[in-house]
Amino acid sequence: MTLRMPSHIAAAALLPALAVITASCADTGPPPLPPLTQAALDAVSEDAGAPKDQLARQVDELFTAEGIGETRAVLLLADGKVAAERYGEGYDSETRFISWSMAKTVTAVLVGMLVADGLLSVDAPAPVPMWQRSGEPRADITLRHLLQMRSGLRHTEAGDPPYDSAEVRMLFLDGRDDMAKWAKEQPLEAEPGTHFEYSSNTTVILADIAARALTDSEDPDIRRRAVTNYLEERLFTPLGMTSIVPEFDASGTLIGGSLMHATARDYAKFGEFMRIGGRAPGGEQLVPSRWIEAMTQPSPAAAFYGYQTWLNQPVPDLENGHPLFPDRAPASLFSLIGHMGQYVLVSPDQRLTLVRLGHSTSAERPAMLQQAADVLALYPQR
């Protein structure tokens, strides 16, 4: 005889198993997000142009996510207004942060103003007297070659050990007292114009050329004052960049490849100036808009680089990976980039400027940049 369990008893017997299955399925979903701290919420403006909680979380993760290094300052401008501003412990809106190579882009603007003034010419031979001697192969180097890092001069940006780096030697060892002279003395290793090689020393040559366009004096103090006054009157004061402090070497040459200091707010002002085509907030054209366009156009030797400025142009099969994130943001995005993770990311199509300052190793920077891209992704292209 077969015994049959009543249906209501059988159903009841199955309930514990169904509960286990249901709980198991629920466990496979994403865990709930932790609540936002008050500091994260306070960092975001009410009219940020993006959902406040989402923006607060993405900015917060630039400070709290593991594996991206130490973020010390984040400042986001949307349509020229502060959308988010936050600082790490020990830093605030008055802190001057070192630019490292973000200074290169400032130097390119300095050169652009001198070109606009008729004091320099982009495609003429670079005005370096030692390169103009008879039979000198460096005579073919133009200002454009220097701006686009394709001069062909011998260079090693990062050496192992560090003293094998041409940049280290120029900044701290045998070239430190007259950096431009040391950089200009390097021989060619490639035909001018044919090969991209990132070089902080090249930017110091540009800074020296700028000084010589402004004064004939070899007196270090006169050279320093000429460049300082020009930058103050023509760029920094109109932009309201009151905190910026450029450094000079013993010969009076601006260390235009790596050593300026400014607050996050002043770096953001410079990014905005470039985003709106070289204008001051009041509308004054400080450098021709066509110069900003040239700065943000791909070099013939490197589509990811313009005039001392990094570009978000897609480039397949780059040996060391792309310096930005062309798969995550418009190709029109460009950036100032400095050693150890200093960035001013400018996205004209989204009307955004994002400053991130801190300390990230080369291994940490890709993940940090993806987090920065998450911030930008909250805003549409226009």
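Remember, it's a predicted structure, so these values are computed and weren't measured experimentally.

Chemist: Can you walk me through the pairing of strand β8 (residues 342-347) in this structure?
Modeler: Put simply, side chains in a regular strand alternate between the two faces of the sheet. Across the six residues that make up β8, a large majority, six, are buried. Alternating residues of β8 divide into Q342, V344 and V346 and Y343, L345 and S347, and every residue in both groups is buried. Pairing analysis gives five bridges linking strand β7 (residues 334-338) to β8, with the strands arranged antiparallel. Residue pairing for β8: G338 is matched across the bridge by Q342. The loop that links β7 with its antiparallel partner β8 comprises three residues; one of these, M340, has a positive phi angle of about 65 degrees. Inspection of the sheet shows β8 paired to strand β9 (residues 352-359) by five bridges, in the antiparallel sense.

Chemist: What is the right way to look at the pattern of salt bridges in this model?
Modeler: Think of it this way: side chains of opposite charge can pair up when their charged atoms draw near. Throughout the structure, instances matching the rule amount to 19 salt bridges. Here R382 makes a salt bridge to D79, at a shortest N to O gap of 2.9 Å. Taken together, the positions of R382 in the segment after α12 (365-376) and D79 in the loop between β1 (70-78) and β2 (81-87) put the pair 303 residues apart, joining distant regions of the chain. Between R138 and E136 there is a salt bridge, with its nearest N and O atoms 2.8 Å apart. Accessibility assignment for this pair places R138 and E136 in one class, buried.

Chemist: Whenever I open this one, the nonpolar core confuses me. Can you help?
Modeler: Judged by nonpolar contacts, the single largest core of 72 residues is most densely connected at L146, L235, F270 and F273. The element contributing the most residues to this core is helix α4 (residues 103-116), with eight residues. Contact partners of L235, with chain neighbours within four places excluded, come to V106, V109, M113, Y230, F270, F273 and L286.

Chemist: Would you take a moment to explain empty space enclosed by the protein for this structure?
Modeler: Gaps left between atoms show up when a probe the size of a water molecule is rolled over them. Taken as a whole and judged by the stated rule, the model has two cavities of 30 Å³ or more. Reported here for the largest cavity is a volume of approximately 120 Å³. Lining the largest cavity are 17 residues, and of these S151, L153, H155, S199 and T202 sit closest to its centre. With three residues, helix α8 (residues 200-214) is the single largest residue contributor to the lining of the largest cavity. For the lining of the largest cavity, a count of residues per class yields five nonpolar, eight polar and four charged.

Criteria and thresholds
- Residues numbered from 1 in each chain as written.
- Predicted model: local features only at pLDDT ≥ 70, side-chain atom pairs only at ≥ 80, totals over all residues.
- Heavy atoms only, no water.
- Buried < 20%, exposed > 50% of the residue type's maximum accessible area, 1.4 Å probe, protein only.
- Helix = DSSP H or I, 4+ residues; strand = E, 2+ residues; numbered from the N terminus.
- Pairing = 2+ DSSP bridges.
- Salt bridge = Lys/Arg side-chain N within 4 Å of Asp/Glu carboxyl O.
- Core = buried A, V, L, I, M, F, W, Y, C linked by side-chain atoms within 4.5 Å.
- Contact = heavy atoms within 4.5 Å.
- 1 Å grid on protein atoms, 1.4 Å probe; cavity = no way out; pocket = protein on both sides within 12 Å on 5 of 7 lines; lining within 4 Å.
- Points joined across faces, edges and corners; volume = space filled by probe spheres on them.
- Nonpolar A, V, L, I, M, F, W, Y, C, P; charged D, E, K, R; others polar.

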